[in-house]
Amino acid sequence: QYKDADYTKVDAAIAKANALNKDEYKDFVFRFEFKLTPGANNGLGIRTPTEGDAAYVGMELQILDNDAPIYKNLEPYQYHGSVYGVIPAKRGALKPVGEWNYQEVIAKGNHIKVILNGEVIVDGDIAKASDNGKATADHKQHPGLLNEKGHIGFLGHGSEVHFRNIRIKEL
């Protein structure tokens with residue numbers, strides 16, 4: 001529905017540490033491809049400031065090897081694509097470790113939609129899912145859900161994850 005020519009390309013290859021974009025975004029479409037390594041754990045921070053834990057001071061969308069044995073006992077809101085602690089993602093669309101995945105994130109107002117390999121895995125309203133930032137699935141404070149804009153970037157947790165074809169379009 002969007003032409004790639006309308007997107008700004010962002011360079012990245014492997015993200016093991018935080019890599020936030022210098023610009024701030026409000027409503028956007030963020031497209032990227034990623035390839036997981038065994039046990040990989042990363043995240044996509046959206047509408048986040050440059051300081052603090054993006055899962056709380058902004059929003060973190062999980063990038064995770066769902067099938068790794070170390071993650072077998074996670075809560076539903078901790079698996080790949082989930083708005084961490086707030087909206088659980090539908091599982092089953094993630095390709096096996098070592099294969100490239102295509103993901104699109106659409107953030108428009110309170111509405112967050114995540115499409116993984118052509119399948120919608122999150123389609124929710126963060127205000128409703130959190131009672132306007134007061135009560136979340138993980139029972140923690142997520143003041144960043146109320147951010148109207150902020151930075152976007154990969155939130156490395158020490159795992160090797162490969163990224164390519166990273167594009168962003170403001171809405």
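Our structure's up above, just so we're on the same page.
About the criteria used
- Residues numbered from 1 in each chain as written.
- Predicted model: local features only at pLDDT ≥ 70, side-chain atom pairs only at ≥ 80, totals over all residues.
- Heavy atoms only, no water.
- Buried < 20%, exposed > 50% of the residue type's maximum accessible area, 1.4 Å probe, protein only.
- Helix = DSSP H or I, 4+ residues; strand = E, 2+ residues; numbered from the N terminus.
- Pairing = 2+ DSSP bridges.
- Phe/Tyr/Trp six-rings, centres within 6.5 Å; stacked < 30°, edge-to-face > 60°.
- Lys NZ or Arg CZ within 6 Å of the ring centre and 35° of its normal.
- Salt bridge = Lys/Arg side-chain N within 4 Å of Asp/Glu carboxyl O.

Enquirer: Sorry, what's going on with the pairing of strand β4 (residues 41–48) here?
Expert: Along a regular strand, successive side chains alternate from one face of the sheet to the other. Most of β4 is tucked away, with eight of its eight residues classed as buried. Of the strand pairs in this sheet, β4 and strand β5 (residues 59–64) are connected by six bridges, and their pairing is antiparallel. Looking at β5, one finds that Leu44 is bridged to Leu61. Alignment of β4 against strand β9 (residues 151–154), held across three bridges, turns out to be antiparallel.

Enquirer: What's the story with unusual backbone geometry in this structure? I'm lost.
Expert: Residues apart from glycine generally show negative phi values, whereas peptide bonds are mostly found in trans. Despite not being glycine, Asn117 shows a phi value in the positive range, around 50 degrees. Among the secondary structure elements, Asn117 is positioned in the loop between β7 (111–116) and β8 (119–125). Of note, the phi angle at Asn165 is positive, near 50 degrees, even though the residue is not glycine. Looking at the secondary structure, you find Asn165 in strand β10 (residues 161–170). Under the relative-accessibility criterion, Asn165 is labelled partly exposed at 42%.

Enquirer: Explain the packing of aromatic side chains to me, please; I cannot follow it from the model alone.
Expert: The geometry of an aromatic ring pair is captured by two quantities: the separation of the ring centres and the angle between the planes. For the coordinates displayed, the defined rule picks out eight aromatic pairs. On the numbers, 5.7 Å between centres and 40 degrees between planes, the contact of Phe32 with Phe34 is tilted. Both residues of the pair, Phe32 and Phe34, belong to the buried class. Aromatic side chains Phe32 and Phe154 sit 5.4 Å apart centroid to centroid with 75 degrees between the ring planes, which places their arrangement in the edge-to-face category. In this pair, Phe32 sits in strand β3 (residues 28–36) while Phe154 sits in strand β9, placing the two residues 122 residues apart along the sequence. The exposure classification of Phe32 matches that of Phe154, with both residues buried. An aromatic cluster is defined as three or more aromatic residues linked by ring pairs; in this entry it consists of Phe30, Phe32, Phe34, Phe154 and Phe163. One Lys or Arg, Arg91, reaches over the ring of Tyr79 and ends 3.6 Å from the middle of that ring.

Enquirer: Before we go on, may I ask you to explain the pattern of salt bridges in this structure?
Expert: Two side chains of opposite charge can pair, provided their charged atoms sit close to one another. As enumerated under the stated definition, the model contains four salt bridges in all. Salt-bridge contacts for Glu33 lead to Arg164; the nearest nitrogen and oxygen are separated by 3.1 Å. Highlighted residues: Glu33 in strand β3 and Arg164 in strand β10, separated in sequence by 131 residues. Owing to a relative accessible area of 16%, Glu33 belongs among the buried residues under this scheme. Taking relative accessible area as the criterion, Arg164 reaches 34% and is therefore assigned partly exposed. A salt bridge links Lys90 to Glu119; the shortest N-O distance between them is 2.8 Å.

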